[in-house]
Amino acid sequence: MFLSVFDVFKIGVGPSSSHTMGPMSAANRFLDLLLSNEWPRPSSNVHVASIKVSLHGSLAHTGIGHGTGRAVILGLMGERPDTVDPDRMDAIIDEVERSARVTPPGHPGYQFQPKTDLIFDKKVPLPGHANGMSFSAFDKDDRLLVKRIYYSIGGGFVVTDTELEQMRADKKKPAAAGERVPFPFASAKQMLEMSERSGLTIAQMKRANEETRMSAEELDAGLDRIWAAMSSCIDRGLKVDGIMPGGLKVRRRARAIHDKLQEEWRSNRINPLLANDWLSVYAMAVNEENAAGGRVVTAPTNGAAGVIPATIRYYQHFHEDWDREGIHNYLLTAAAVGGIIKHNASISGAEVGCQGEVGSAAAMAAAGLAAVMGATPEQIENAAEIALEHHLGMTCDPIAGLVQVPCIERNALGAVKAVTAASLAIKGDGQHFVPLDACIETMRQTGYDMSEKYKETSTGGLAVNVVEC
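Residues numbered from 1 in each chain as written. Predicted model: local features only at pLDDT ≥ 70, side-chain atom pairs only at ≥ 80, totals over all residues. Heavy atoms only, no water.

## Here's the deal with the overall build of the protein chain
Step number 1: Helices and strands together make up the secondary structure of the protein chain, namely 20 helices and nine strands.
Step number 2: Taken over C-alpha atoms, the radius of gyration comes to 22 Å for the protein chain, in line with the 23 Å a tight globule of 469 residues would show.
Step number 3: Looking at the protein chain residue by residue over its 469 residues, the buried ones come to 58%.
Step number 4: Taking as baseline every contact in the protein chain between residues at least 6 positions apart, the subset at least 24 positions apart corresponds to 74%.
Step number 5: Here the protein chain displays about 20000 Å² of accessible surface, and carbon together with sulfur accounts for 52% of that area. (Helix = DSSP H or I, 4+ residues; strand = E, 2+ residues; numbered from the N terminus. Rg over C-alpha atoms; globule rule 2.2 N^0.38 Å. Buried < 20%, exposed > 50% of the residue type's maximum accessible area, 1.4 Å probe, protein only. Contact = heavy atoms within 4.5 Å. Areas by Shrake-Rupley, 256 points an atom, 1.4 Å probe, with all protein chains shown as cover.)

## Comments concerning the environment of I243
Step number 1: By secondary structure assignment, the location of I243 is in the loop between α10 (216–239) and α11 (254–267).
Step number 2: Accessibility expressed as a relative area gives 46% for I243, which makes it partly exposed.
Step number 3: Residues I243 and R253 lie ten residues apart in sequence; the distance between their C-alpha atoms is 9.5 Å.
Step number 4: Not counting the four nearest positions on each side in its chain, I243 is found in contact with K249, V250 and R251.

## Let's talk about the nonpolar core
Step number 1: Counting 103 residues, the largest nonpolar core has F9, M230, I308, Y330 and L331 as its most contacted members.
Step number 2: No other element matches the eleven residues that helix α16 (residues 358–372) contributes to this core.
Step number 3: Each of domain 1 (17–38 + 46–169) and domain 2 (188–465) accounts for three or more of the residues forming this core.
Step number 4: Among all residues touching F9, those that are not within four sequence positions of it are I226, M230, V297, T298, A299, I308, L331, A334, A335 and M364.
Step number 5: Counting residues in hydrophobic clusters, the runner-up holds 37 residues, among them V72, Y110, L145 and V158. (Core = buried A, V, L, I, M, F, W, Y, C linked by side-chain atoms within 4.5 Å. Domains from an automatic or database assignment.)

## Section: the domain arrangement of the protein chain
Step number 1: Each assigned domain of the protein chain is listed here: domain 1 (17–38 + 46–169) and domain 2 (188–465).
Step number 2: Every contact between the two is made by 23 residues of domain 1 and, on the other side, 21 residues of domain 2.
Step number 3: Summed over the three residues of domain 1 that lose the most area to domain 2, namely S17, G65 and H66, the buried surface amounts to 24% of that side.
Step number 4: Between domain 1 and domain 2 we count one salt bridge in total. (Buried area = accessible area lost by both parts, 1.4 Å probe. Salt bridge = Lys/Arg side-chain N within 4 Å of Asp/Glu carboxyl O.)

## Considerations on the pairing of strand β7 (residues 144–154)
Step number 1: Burial analysis of β7 places eight of its eleven residues in the buried class, the great majority of the element.
Step number 2: Linking strand β6 (residues 131–138) back to β7 in an antiparallel pair, the connection comprises five residues, with D142 at a positive phi of about 65°.
Step number 3: Sheet analysis places β7 next to strand β8 (residues 157–160), joined by four bridges and oriented antiparallel. Looking at the pairing, Y151 lines up with V159 of β8. (Pairing = 2+ DSSP bridges.)

## Description of the UniProt feature "domain: Serine dehydratase beta chain" (unreviewed entry) in the protein chain
Step number 1: UniProt's feature table lists "domain: Serine dehydratase beta chain" (unreviewed entry) at residues 4–162, given in the numbering used throughout.
Step number 2: Regarding residues 4–162, the helix share stands at 36% and the strand share at 26%, and the terminal C-alpha atoms are separated by 22 Å. (UniProt positions renumbered as here; feature names shortened; annotations may be inferred.)

## Some points on the UniProt feature "domain: Serine dehydratase-like alpha subunit" (unreviewed entry) in the protein chain
Step number 1: Residues annotated in UniProt with the feature "domain: Serine dehydratase-like alpha subunit" (unreviewed entry) correspond here to residues 198–463.
Step number 2: Annotated as 63% helix and 1% strand, the span residues 198–463 places its first and last C-alpha atoms 49 Å apart.

## What about the packing of helix α13 (residues 307–318) against helix α14 (residues 324–344)?
Step number 1: Close contact between α13 and α14 brings their axes to 11 Å; oriented N to C, the two are set at 150°. Taken together, α13 and α14 sit at an angle that is classed as roughly antiparallel. For the crossing formed where α13 meets α14, the hand is right-handed. Residues I308, T311, I312, Y315 and Q316 of α13 touch α14, and the partners they reach there are G326, I327, Y330 and L331.
Step number 2: Considered class by class, the residues forming the contact of α13 with α14 number six nonpolar, three polar and no charged. (Axes fitted to C-alpha atoms, helices over the stretch in contact; angles between N-to-C directions. Parallel < 35°, antiparallel > 145°, perpendicular 65-115°, else oblique. Left-handed = near helix turned anticlockwise from the far one by under 90°. Nonpolar A, V, L, I, M, F, W, Y, C, P; charged D, E, K, R; others polar.)

## So, unusual backbone geometry
Generally, phi is negative for residues other than glycine and the peptide bonds are trans, each holding for most cases.
Step number 1: Backbone torsion omega between G14 and P15 reads 10°, so that peptide bond is classified as cis.
Step number 2: Locating P15 in the fold gives a position in the loop between β1 (11–13) and α2 (17–35).
Step number 3: In this model, A299 is joined to P300 through a cis peptide bond whose omega is 0°.
Step number 4: Position of P300 relative to the elements: it lies in the loop between β9 (295–297) and α13.
Step number 5: Its identity as a non-glycine residue notwithstanding, D142 has a phi of 65°, on the positive side.
Step number 6: Turning to its location among the elements, D142 is positioned in the loop between β6 and β7.

## Focus: a negative patch on the surface
Step number 1: A surface patch of like charges, here negative, comprises E320, D321, D323 and E325.
Step number 2: Assignment of secondary structure puts D323 in the loop between α13 and α14.
Step number 3: Relative accessible area serves as the criterion here: at 35%, D323 is assigned to the partly exposed category. (Patch = residues over 30% accessible without salt bridge, like charges linked within 9 Å, V, L, I, M, F, W, Y side chains within 5 Å. Lys, Arg positive; Asp, Glu negative; His and termini not counted. Charge placed at Lys NZ, Arg CZ, Asp CG, Glu CD.)

## Side note on the packing of aromatic side chains
Centre-to-centre distance and the angle between the planes together describe a pair of aromatic rings.
Step number 1: With the rule as written, the count across this model stands at six aromatic pairs.
Step number 2: Residues W265 and W278 carry aromatic rings whose centres are separated by 6.0 Å and whose planes lie at 85° to one another, so their mutual orientation is edge-to-face. On the criterion of sequence distance, the pair formed by W265 in helix α11 and W278 in helix α12 (residues 274–291) is long-range, its members being 13 residues apart.
Step number 3: By relative accessible area, W265 is classed as partly exposed at 39%.
Step number 4: Residue class for W278 comes out buried when judged on its relative accessible area of 3%.
Step number 5: Taken together, a centroid distance of 5.2 Å and an interplanar angle of 40° make the contact between Y314 and F318 tilted. Taken as a pair, Y314 and F318 lie in helix α13 at a separation of four residues, close to a single helical turn.
Step number 6: Given the relative accessible area of 13%, Y314 is considered buried.
Step number 7: Residue F318 is classed as partly exposed on the basis of its relative accessible area, which comes to 29%.
Step number 8: Ring-pair connections join several aromatic residues into one group, and the members of that group are W265, W278, Y282, Y314 and F318. (Phe/Tyr/Trp six-rings, centres within 6.5 Å; stacked < 30°, edge-to-face > 60°.)

See below:
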């Protein structure tokens, strides 16, 4: 089992990896399909004239608040999550709505009127996953030429219905011999066993796996880009105030809190909660940017994007021995744990609730922070388990389908839990009662049993008990 650090950490835009980045990528894939030879054409004289899209399940229920429709339109215009200019998005969407056409580069242009050709179907879920989409292309006589179903499975990952079936079948098979990476761990138990046999740290094993695909220089440059994007997101969030979009009239708070913390820092006043306050404001800054549709990094999702950047900035702020290599090791260790969670459970709020988003992020952050604080592999696994265990059962119930309440503060508390978990684990010897693998399996089972009302549909919990203003 190998999931690259650059699959776990992807640069994109807010507010949601599964509801924004995923649908945009699905639209990109459908455009690529239209130019390919992977679908049968009735004749050489038949051409695609129009496109229609339907959104299902969680995408239909909370898609408006998450900007899913906007993401589909941008994707059909050829825009991609990692390169789209957030400042141009409104103008691009206005042009499509005005012309009733999408004109992606390299394509002839297709009829697409968002008001009628983009359907939020709340009645008919697709069978494979809660985040389902159907893309269809028609000729000039409105005859269906090709249709594809895609699922946004969390963290910006998108698969077709057949790919999803294959993924699930592969999970049931024993690991094949002759894996393409030197350390093909698919569980925390395997990870610890391989570390003990090799004498390598988790970060070193992850690095060895990555370097089967790229050079050490390319890996380090990529890790630098990931942290630079995370750090820039924190800095932007600390400088901007005002009301976030979406209609709830939620005010940004990170800048005002940051200014107060700066005053306390300069005054040398004793504040026993100082570290927690800085952690919280860093995480809130990221998630306020995410809620506003800014540039963020999935970590492992947009809804949980603040936890890992906050704890890395905390590492820089409160650990004098931090360095570039430490940040690289943090990201590699966190990605190793994130890959195990994704492989054996889920990082999708629509599939398992927020335990799979902020819970996974906290586990990854605790592991990364423990690693750079000198923890053994056993202590790192313990740190991840502590952080994840105390998010089990957490629901995903965003008010009005917006990634604002309770999501922004939830990232702040997730970062605090991650630091606490790392500290507790380091003070022990790595021996503990609940293995990380058991905790991950518990999260999977809990998500399976959880009511759909509490899995990113905004039909239960805070979403129905708090009056929208």
